[in-house]
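Each chain, written out:
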Amino acid sequence: RPRYLCTSHRQRRCYLRDVRLDANAGVLIAHAMGLGKTLTVLALLHLLNMDKRCHAVLHCPKAVVAQWSDEAYKWRDYVNVATYTINVFDDRTVNRVVHQWRQGGGLLILQYDQLSRLVGDLQIDDDTVVILDEAHLLKTPGTQLHSAVSSMPSTKRVMLTGTPLQNNLDEYYTMTELIAPGLLGSSLAQFRQSYGTVIEQGMHKDSSDSDVRACERMTQVLRWQMDAVMH
């Protein structure tokens, strides 16, 4: 390991923010494509369903609604999670599927375009697991999607994305703020000051050696800070 990353436990602690995480803090599953994020989520819901009837709602891009449904069907013999899919905009059909989900529990799959319209009808509470696929699409606070998600009372939020540091760093902060508020700073501006600027300065083709070293060091500090909520 590079010498500038070799820090003692005491030195490591001085880098990190002291933030108390809620017992129901969310999680960021940051795996590259093909490593099984879908099955990981289904297994999590199966485990929760063993304790009591679990209600979960999954929001994802329109293009992957069918993929989620197919994966749930594929693992049906191993994962005990009823699955309901909304892939139409017909009000009668939507109301029927939502009613079935409320009554029976399980996983409700719907696309992001439907979220703002249905968020009130879903009656999400503290025990509902809220899952977001391609969560970096939240972009930054103030977007319609972000407003819809942040209005949900549940803190049991599961964010799925690729390797986060390959994404825009502002998107990284936005995802984290929805699962562990304050962990990376009290505002986007503070996050940029503490982490973002240093990391971005070392990621250009013409970055100096010192900028690259500072970038790598701060990236490691960011990973340490996220250790409790990111896999």
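Each remark here, short or long, concerns the structure printed above.
Residues numbered from 1 in each chain as written. Predicted model: local features only at pLDDT ≥ 70, side-chain atom pairs only at ≥ 80, totals over all residues. Heavy atoms only, no water.

## Details of the packing of aromatic side chains
Next up, step 1: On inspection of all chains with the given rule, the structure shows three aromatic pairs.
Next up, step 2: Where Trp 75 meets Tyr 78, the ring centres are 6.2 Å apart and the plane angle is 65°; that geometry is what we call edge-to-face.
Next up, step 3: Using a relative accessible area of 62% as the deciding quantity, one classes Tyr 78 as exposed.
Next up, step 4: A connected cluster of aromatic rings, assembled from ring pairs, spans Tyr 173, Phe 191 and Tyr 195.
Next up, step 5: Above the face of the Tyr 73 ring, Arg 76 is positioned so that its terminal group lies 3.9 Å from the ring centre. (Phe/Tyr/Trp six-rings, centres within 6.5 Å; stacked < 30°, edge-to-face > 60°. Buried < 20%, exposed > 50% of the residue type's maximum accessible area, 1.4 Å probe, protein only. Lys NZ or Arg CZ within 6 Å of the ring centre and 35° of its normal.)

## Concerning the layout of surface pockets
Next up, step 1: Quantified by volume, the largest pocket comes out at close to 450 Å³.
Next up, step 2: Residue lining of the largest pocket: 19 residues in total, with Met 33, Lys 37, Thr 38, Asp 133 and Glu 134 positioned closest to the centre.
Next up, step 3: Here the residues of the lining of the largest pocket sort into seven nonpolar, eight polar and four charged. (1 Å grid on protein atoms, 1.4 Å probe; cavity = no way out; pocket = protein on both sides within 12 Å on 5 of 7 lines; lining within 4 Å. Points joined across faces, edges and corners; volume = space filled by probe spheres on them. Nonpolar A, V, L, I, M, F, W, Y, C, P; charged D, E, K, R; others polar.)

## Things to note about the sheet that holds strand 6 (residues 157–161)
Pairing between the strands of a sheet comes from backbone hydrogen bonds, and it takes one of two forms, parallel or antiparallel.
Next up, step 1: Across the sheet, six strands lie side by side as 1-6-5-2-4-3; this open sheet has parallel pairing. What marks the edges here is a single partner per strand, and that holds for strand 1 (27–30) and strand 3 (83–86). Within this sheet the neighbouring strands show an average axis-to-axis angle of 15°, counted without direction.
Next up, step 2: In terms of strand pairing, strand 3 meets strand 4 (residues 106–111) through four bridges, oriented parallel. Each residue of the ladder has a partner; that of Thr 85, found in strand 4, is Ile 109.
Next up, step 3: Against the sheet, helix 2 (residues 37–51) makes contact with strand 1, strand 2 (55–60), strand 4, strand 5 (129–132) and strand 6, and its axis sits at roughly 165° relative to strand 6, the strand it touches most. (Pairing = 2+ DSSP bridges. Helix = DSSP H or I, 4+ residues; strand = E, 2+ residues; numbered from the N terminus. Axes fitted to C-alpha atoms, helices over the stretch in contact; angles between N-to-C directions. Contact = heavy atoms within 4.5 Å.)

## Concerning the packing of helix 8 (residues 188–201) against helix 9 (residues 209–225)
Next up, step 1: Packing of helix 8 against helix 9 leaves a shortest axis separation of 7 Å and a crossing angle of 135°. Relative to helix 9, the element helix 8 is oriented oblique. As helix 8 packs across helix 9, the resulting crossing turns out to be left-handed. Contacts between helix 8 and helix 9 pair Phe 191, Ser 194, Tyr 195, Val 198, Ile 199 and Gln 201 from the former with Asp 211, Ala 214, Cys 215, Met 218, Thr 219, Val 221, Leu 222 and Gln 225 from the latter. (Parallel < 35°, antiparallel > 145°, perpendicular 65-115°, else oblique. Left-handed = near helix turned anticlockwise from the far one by under 90°.)

## Examining the packing of helix 2 against helix 3 (residues 65–74)
When two helices pack together, their arrangement is captured by the angle between the axes and the distance separating the axes.
Next up, step 1: At a minimum axis separation of 10 Å, helix 2 and helix 3 run at an interaxial angle of 60°. With respect to each other, helix 2 and helix 3 are oriented oblique. Every pair of crossing elements has a handedness; the one defined by helix 2 and helix 3 is right-handed. Each of Thr 38, Val 41 and Leu 42 in helix 2 lies in contact with helix 3, whose residues at this interface are Trp 68, Glu 71 and Ala 72.
Next up, step 2: Split by residue class, the contact of helix 2 with helix 3 holds four nonpolar, one polar and one charged.

## Some points on helix 4 (residues 91–104)
Next up, step 1: Helix length check: helix 4, at 14 residues, gives a terminal C-alpha distance of 20 Å against a target of 20 Å (1.5 Å per residue), a fit within 8%.
Next up, step 2: Taken residue by residue, helix 4 has Val 94, Val 97, Val 98 and Trp 101 as its buried positions. Axial view of helix 4: buried residues confined to an arc of 100°, hence all on one face.
Next up, step 3: Check the buried side of helix 4 and you find it contacts strand 2, strand 3, strand 4 and helix 5 (112–118).
Next up, step 4: Directly after helix 4, the chain includes Gly 105, whose backbone phi takes a positive value near 75°. (Expected span 1.5 Å × (residues − 1). Arc of directions from axis to C-beta.)

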